[in-house]
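What follows is each chain in one-letter form.
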Amino acid sequence: MCGIIGYTGKKEAEEIMLDALEVLEYRGYDSAGIAVCGPDGGVRIRKCAGRVKDLRSLCERDGVEGACGIGHTRWATHGGVSDGNAHPHKFGKVTVIHNGIIENYKSLIGKYGLEAELRSQTDSEVAAAVLSHFYSGDPYAAIRKTVLKLKGTFAFGIMFDDIPGAIFAVRNVSPIVIAKTEEGSMMASDVTVLGQYSKDYFVLPEFHVAVLRADGTELYDMSGDAVEPEWLTVSWDVNRSSKGGYPFYMEKEIMEQPEVIRETIEPRIRDDMPDLEGDGIPDSLLSDCSQICVVACGTAMHAGLVGKALMQSLVKIHMDVELASEFMYTDSLVDGKTLVIAISQSGETIDTLEALKYAKRNGAKTLAVVNVKGASIARESDYVIYTNAGPEIAVASTKAYTTQLAVLYLLAGRMAYVRGIFGEKELKEFTSELRKAPAVMQTVLDRREEIHYIARGMLNAKDVFMIGRGLDYSILLEGSLKLKEISYIHSEAYASGELKHGTIALITEDTPVVAVITQDKVQSKEFSNIKEVQSRGAEVILFMKESYRLDQDAVWDSVFKLPAMRDEFMVLPVSAALQLLAYYVSLDKGLDVDKPRNLAKVVTVE
Ligand code: AGP
């Protein structure tokens, strides 16, 4: 939920950290701050409520010199949004930045008698105070003793006044990656920001202490023994971390979808059929399970709903899709014959990570579908398939979602084949249709101004309803979330057949209703449901397969005809259309599309 950065090397730390915090800002943007260790050894802090641009202005007025520093962008969990609650926090000789939640911070305040000394309402300052309590010259001992007292999640960047030039890092669940660059060493919450400085990084193992210095990084386990880092290479083009000339990352990421879907599926197709050997996925994983359960949150969970429809219709296997945050509390029935699929763009969503651990404790085989290489959920799973969406910066997930769908199509096709439901011919036909998706989506993207025009009619809506059946309903759940999270318009997706069982009471004159019709088997029923809302004055915005015929008697406010694919693939072009609809509503409302209020890109708190 927060972004953390650290740099120590030959260059001035202030500018490097301010630039890095701008990239990390998508992780949290309530307040920001940096601490820099000056040439005299003193640590100076600059921090404020507001965006990184406000911090930059503060530094322009009163900058900090030095080649070693730590920085932070905050999404508030404990304590309101204020200068005093912004990170870094200094206590005694210790300066700390923190991402995570210290659950027992109140008991620590009492245990160490901190009430009178604390200047903020944050759990992070308490952690700094405990570190200071244990610090008497040996940083490793102080860190070891402190982490043993903490309950909860943390990623710390730590500086000590009397150890100039060094940054210490330690984590539990919340992520930290560390890179070596030509100008020094860096740590960060995720690799998105490191890619522009270095291709080589490692994920800091939990409960290990890293010491970053200008000439390199040392890694120690909790017993103090040196450990060799497991170096990784940044797997995507750094340029994808920039806006590429678009006004917002979200538009760029929507437009990148045809390309990144190709990059996700093509390397996994051999002889015109899905082949997951390169990902280390044995066919036995797909043939031996008796049920599948997806655990995920938000958009990733919506991808799971599409996966469920695919798996059950194609593979005839029972599939549940569980909200990760509910999974452990609903006595979910998983066992050794269950394949649990954890879907997560960031690979760090703690609800999903904890659900995955619960599934493993109950004997399930686990497969992660993740976008960030080496992320916690990938490392925790038995198997992993990486989506090749590249860095997704906008808080609203778009290309990560459609590349998750692409992976689920590959899995469903392969599973149908290994279970004897598809022969080679059927599988090749299925795969051939999947390979058409990027081009079909491109035709929707090329007509985005039509969708922009439709969006203009929704700017002042108070409530928007979205109705569809089957796969159309699944994709509308995602379309509704997109609209809510970036335009702040209340929206509800409803199975269109269910509307008349209560909610239709809310449909009044000119209520916008977005309807999607792409599934032949329910086409006529969906048109009937549309007439039900039209007869109550709703303003219907219809997205339908181009081959369908409109009822000429009906009054259509907006119709967008979608290029046709096999029904089970239509969610892909529809996704692009609904993403654009939400984007343009937010854009024309003048909102910060990439950083919606109250949200953060990665939710590492439960
Ligand atoms: C969707 O637009 C949101 N960004 C949010 O629902 C997100 O999908 C959810 O928090 C899960 O994140 P993850 O895919 O990184 O686990």
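Keep in mind that this is a model prediction, so the values were computed, not measured.

S.K.: Help me out: how do you make sense of the overall build of the protein in this one?
M.R.: Regarding its fold elements, the protein presents 19 helices and 26 strands. On C-alpha atoms alone, the protein measures out to a radius of gyration of 25 Å, which is about the 25 Å that the 2.2 N^0.38 rule sets for 606 residues. Seen through its C-alpha atoms, the protein measures out along the principal axes to roughly 80 × 55 × 45 Å. When burial is assessed residue by residue, the protein has 62% of its 606 residues classed as buried. Within the protein, counting contacts between residues at least 6 apart in sequence, those at least 24 apart form 72% of the total. Total accessible area computed for the protein in this model is approximately 21,900 Å², and 48% of it derives from carbon and sulfur atoms. One way to put it: in the protein the 66 positive side-chain charges average out to a point 1 Å from where the 86 negative ones average out.

S.K.: I keep staring at the pattern of salt bridges and nothing clicks. Help me out?
M.R.: Any two side chains of opposite charge can pair, on the condition that their charged atoms come close. Counted by the stated rule, this structure contains 33 salt bridges. Two residues, R119 and E125, come together in a salt bridge whose shortest N-O distance is 3.9 Å. Look at E125 and you get buried, because its relative accessible area is 2%. Of the charged contacts in the structure, one is a salt bridge between K425 and E429, with a shortest N-O distance of 2.7 Å. Note that K425 and E429 are positioned in helix α15 (residues 424–446) at a spacing of 4 residues, about one turn of the helix. Sharing partners across several salt bridges, the network here consists of E15, D19, E22 and R56.

S.K.: Would you explain the sheet that holds strand β5 (residues 89–91) in this entry?
M.R.: Whether parallel or antiparallel, the strands of a sheet pair through hydrogen bonds between backbone atoms. Taken in spatial order, the 6 strands of this open sheet run β5-β6-β7-β8-β12-β13, and their pairing is antiparallel. With one partner strand each, in any of the chains shown, β5 and β13 (216–221) form the two edges of the open sheet. Recorded for the sheet is a direction-independent mean angle of 25° between the axes of neighbouring strands. Across 5 bridges, strand β7 (residues 152–160) lies against strand β8 (residues 167–172) in antiparallel orientation. Note that in β8 the partner of G157 across the bridge is A169.

S.K.: Would you explain the sheet that holds strand β18 (residues 318–323) in this entry?
M.R.: Read from one edge of the open sheet, 5 strands run β18-β17-β19-β20-β21, paired in parallel fashion. Strands with a single pairing partner mark the edges of an open sheet, and in this sheet they are β18 and β21 (383–386). Averaged over all pairs of adjacent strands, the angle between strand axes in this sheet comes to 20°, irrespective of strand direction. Docked against the sheet, helix α10 (residues 298–315) engages β17 (291–296), β18 and β19 (338–344), running at close to 170° with respect to β18. The sheet strands contacting helix α12 (residues 350–361) are β17, β19 and β20 (365–370), and the helix crosses β19 at an angle near 165°.

S.K.: What is the right way to read the pairing of strand β24 (residues 512–517) from this model?
M.R.: A regular strand places its side chains on the two faces of the sheet in alternate fashion. Within β24, 6 of the 6 residues are buried, which leaves the element mostly enclosed by the surrounding structure. Side chains P512, V514 and V516 of β24 all project onto a buried face; the interleaved residues V513, A515 and I517 project onto the opposite face, where all are buried too. Across 3 bridges, the pairing between strand β22 (residues 463–468) and β24 is parallel. Note on β24: the bridge partner recorded for F465 is V513.

S.K.: Can you help me understand the packing of aromatic side chains in this one?
M.R.: How two aromatic rings sit relative to each other is set out by the distance from centre to centre and by the angle between their planes. Evaluation of the coordinates by the stated rule reveals 15 aromatic pairs. With a centroid separation of 5.3 Å and an interplanar angle of 70°, the aromatic rings of Y583 and Y584 are classed as edge-to-face. Members of the aromatic cluster, each reached through a chain of ring pairs, are Y135, Y140, F160, F168 and Y220. Over the ring of W231 we find K180, and its NZ or CZ is 4.4 Å from the ring centre. One residue, R597, lies across the ring of Y488, its end atom 3.8 Å from the ring centre.

Rules behind the numbers
Residues numbered from 1 in each chain as written. Predicted model: local features only at pLDDT ≥ 70, side-chain atom pairs only at ≥ 80, totals over all residues. Heavy atoms only, no water. Helix = DSSP H or I, 4+ residues; strand = E, 2+ residues; numbered from the N terminus. Rg over C-alpha atoms; globule rule 2.2 N^0.38 Å. Buried < 20%, exposed > 50% of the residue type's maximum accessible area, 1.4 Å probe, protein only. Contact = heavy atoms within 4.5 Å. Areas by Shrake-Rupley, 256 points an atom, 1.4 Å probe, with all protein chains shown as cover. Lys, Arg positive; Asp, Glu negative; His and termini not counted. Charge placed at Lys NZ, Arg CZ, Asp CG, Glu CD. Salt bridge = Lys/Arg side-chain N within 4 Å of Asp/Glu carboxyl O. Pairing = 2+ DSSP bridges. Axes fitted to C-alpha atoms, helices over the stretch in contact; angles between N-to-C directions. Phe/Tyr/Trp six-rings, centres within 6.5 Å; stacked < 30°, edge-to-face > 60°. Lys NZ or Arg CZ within 6 Å of the ring centre and 35° of its normal.

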